[in-house]
Amino acid sequence: LAVAQLTVGETTTKYASLADAVKAIETEGSVTLLADIDLGSACVTVPAAKAMTLDLNGKTLTSAASQTISVSGALTIKDGATGGKIVNTKSSGKAVSGTNGTVTLLSGTLEAPENAISAKTVHVEGGMAKANKIAVSGAGTISGGTLVSATSYAAYASGSGATLEIPGGTLPGA
């Protein structure tokens, strides 16, 4: 049973696991979720030198690992349907994390106890990032979307000399 499909150029291939679809990306590709996926205590990794667009397609990707998706390369998240989510259930977990990665949120919802997105470079153009602590952490831009923190900062510029520009979006108070 296929749970994800990878599209590179004109070629689309279905995979039985999300990890296999990501592993098959040579330099860049678009992965679409075909079913809800529970990774258990595992996470998905987008390695350096790979650029991936993840279409949640109205599905939910869940993990109880430290992060649901670890990003060293570039990850763009969108939801081509409605209701798509990336969820982390670990008490100190992050939905998407990448010390050296770039994360762009176009649509969809990211939920986590610690951080929804924590990356070296972050761009939020739409969607929602919800966390008990920091919704978005890193350097970059927030030009749309909604960032929600239950107990801390909705957005936090982290790193020496980091700048987080916020020309748009909604940051409701806790």
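Q: Help me get a handle on the pairing of strand β8 (residues 67-71), residues and values and all.
A: With respect to burial, β8 is a largely interior element, five of its five residues being buried. Examined bridge by bridge, β8 and strand β11 (residues 94-105) share three bridges and lie parallel to one another. Its bridge partner being in β11, S70 is matched across the sheet by S97.

Q: Got a sec to walk through the pattern of salt bridges? Specific residues and values, please.
A: A complete count under the given rule lists three salt bridges for this structure. A salt bridge links K85 to E111, with the nearest nitrogen and oxygen atoms 3.6 Å apart. Note that K85 is positioned in strand β10 (residues 85-88) and E111 in strand β12 (residues 109-112), a separation of 26 residues in sequence. Judged by its relative accessible area of 29%, K85 is partly exposed. Overall, the relative accessible area of 19% leaves E111 in the buried class.

Q: Which residues make up the nonpolar core, and what values go with them?
A: With 40 residues, the main nonpolar core has L54, I69 and V96 as its most contacted residues. Beyond its immediate sequence surroundings of up to four residues, V96 is in contact with I69, V71, L75, I77, I86, V103, L110, A116, I117 and S118.

Q: If you had to explain the environment of T27 to someone new, which residues and values would you point to?
A: Relative to the helices and strands, T27 is located in the loop between α1 (18-23) and β3 (28-33). In this structure the C-alpha to C-alpha distance between T27 and I69, which are 42 residues apart in sequence, comes to 18 Å. What T27 contacts, discounting residues up to four positions off in sequence, is A49, K50 and A51.

Q: Talk me through the side chain of T109; I want residue IDs and the actual numbers.
A: Note that T109 resides in strand β12. The exposure class of T109 is buried, given its relative accessible area of 17%. T109 has contacts with G84, K85, I86 and M128, leaving out every residue within four places of it along the chain.

Q: Which residues make up unusual backbone geometry, and what values go with them?
A: Phi is positive for A49, close to 70°, though the residue is something other than glycine. Position of A49 among the secondary structure elements: in the loop between β5 (44-46) and β6 (51-55). Relative accessible area serves as the criterion here: at 68%, A49 is assigned to the exposed category.

Q: Describe the sheet that holds β12, and please don't skip the residues or the numbers.
A: Strands sit in the order β4-β7-β10-β12-β14-β16 across an open sheet of six strands; the sheet is parallel. Two strands lie at the open edges of the sheet, namely β4 (37-38) and β16 (146-149), each paired on one side alone. As defined by bridge partners, strand β14 (residues 128-131) adjoins β16 across four bridges and the pair is classed as parallel. Bridge assignment links A131 to a residue of β16, and that residue is S149.

Q: Residues and numbers for the pairing of strand β13 (residues 115-124), please.
A: Of all the 10 residues making up β13, seven are buried; the element is thus mostly covered by neighbouring parts of the structure. Here eight bridges tie β11 to β13, and the two strands are oriented parallel to one another. The partner of G98 across the bridge, within β13, is A119. Pairing analysis gives seven bridges linking β13 to strand β15 (residues 134-142), with the strands arranged parallel. Across the sheet, V124 pairs through a bridge with I142, a residue of β15.

Conventions used here
- Residues numbered from 1 in each chain as written.
- Predicted model: local features only at pLDDT ≥ 70, side-chain atom pairs only at ≥ 80, totals over all residues.
- Heavy atoms only, no water.
- Buried < 20%, exposed > 50% of the residue type's maximum accessible area, 1.4 Å probe, protein only.
- Helix = DSSP H or I, 4+ residues; strand = E, 2+ residues; numbered from the N terminus.
- Pairing = 2+ DSSP bridges.
- Salt bridge = Lys/Arg side-chain N within 4 Å of Asp/Glu carboxyl O.
- Core = buried A, V, L, I, M, F, W, Y, C linked by side-chain atoms within 4.5 Å.
- Contact = heavy atoms within 4.5 Å.

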